[in-house]
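Okay, here's what each chain looks like letter by letter:
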Amino acid sequence: MQRIKGYHAHVYFDATTIDQARALCEEAAQLFGVKMGRVHERPVGPHPDWSCQLAFGPELFGRLVPWLALHRQGLVVFLHPETGNDLLDHTEHAIWMGAIRPLNVSVF
C-alpha cells in the first residue's frame, strides 16, 4: 500500500454559496488547524467549479472528514489523498461528499 502523505479536501461552491463555503473552510481551519487555501472564484486545475482547498495530515482524517460530512450543508466536498500519483489520487482514490463532479484530468 502506498503511503499517504496528506489529504486535500476541496469545497465546491458558486456565487450563491460562496459565503457558506468560506465560513465552512474558515471554521475547519480554526477548529482543526488545517491549512486553508485561497477561495477561488473560478475553476482551477482539474476542478470544474469554484473551490477552496483544505490541506491536512493523515492524523486528522478521522476527525475532520466526519465533521465535514455533518457541516457541509449541501456543499460538494471532493477529498483525495496525496500519494505522489496525482492522476490516481484524483480518480481511483477520490472520495466525494455530495454530487460527483467531472474533473479535468487532462491536466495530469
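We now turn to the structure provided with this report. Predicted, not measured: the structure shown is a model, and the values here were computed from it.

## Considering the packing of aromatic side chains
If you walk through the whole model with that rule in mind, you get 6 aromatic pairs. Their ring planes at 65° and their centres at 6.1 Å tell us that Tyr 12 and Trp 96 sit as a pair that is edge-to-face. Linking Tyr 12 in strand β1 (residues 6-13) with Trp 96 in strand β5 (residues 95-97), this pair joins segments that are 84 residues apart in sequence. Every member of this aromatic cluster is reached through a ring pair, and the members are Tyr 7, Phe 56 and Phe 61.

## Structural notes on helix α2 (residues 61-71)
Among the residues of α2, those classed as buried are Leu 64, Val 65, Trp 67 and Leu 68. For α2, the arc enclosing every buried residue in end-on projection is 160°, short of the 170-degree limit, so these residues lie on one face. In α2, the exposed positions angled more than 90 degrees off the buried face are occupied by Gly 62, Arg 63 and Leu 70. Tucked into the core, α2 has its buried residues touching β1, α1 (18-32), β3 (50-56), β4 (77-82) and β5. A positive phi of about 45° marks Gln 73, the residue just after α2.

## Details of the pattern of salt bridges
When their charged atoms lie close together, side chains carrying opposite charge are able to pair. What the rule picks out here adds up to 1 salt bridge. In this structure, Asp 49 and Arg 101 form a salt bridge, with 2.6 Å as the shortest nitrogen-oxygen distance. One end of the pair, Asp 49, is in the loop between β2 (35-40) and β3; the other, Arg 101, is in the segment after β5, and 52 residues separate them in sequence. We classify Asp 49 as buried; its relative accessible area is 17%.

What counts and what doesn't
- Residues numbered from 1 in each chain as written.
- Predicted model: local features only at pLDDT ≥ 70, side-chain atom pairs only at ≥ 80, totals over all residues.
- Heavy atoms only, no water.
- Phe/Tyr/Trp six-rings, centres within 6.5 Å; stacked < 30°, edge-to-face > 60°.
- Helix = DSSP H or I, 4+ residues; strand = E, 2+ residues; numbered from the N terminus.
- Buried < 20%, exposed > 50% of the residue type's maximum accessible area, 1.4 Å probe, protein only.
- Arc of directions from axis to C-beta.
- Contact = heavy atoms within 4.5 Å.
- Salt bridge = Lys/Arg side-chain N within 4 Å of Asp/Glu carboxyl O.

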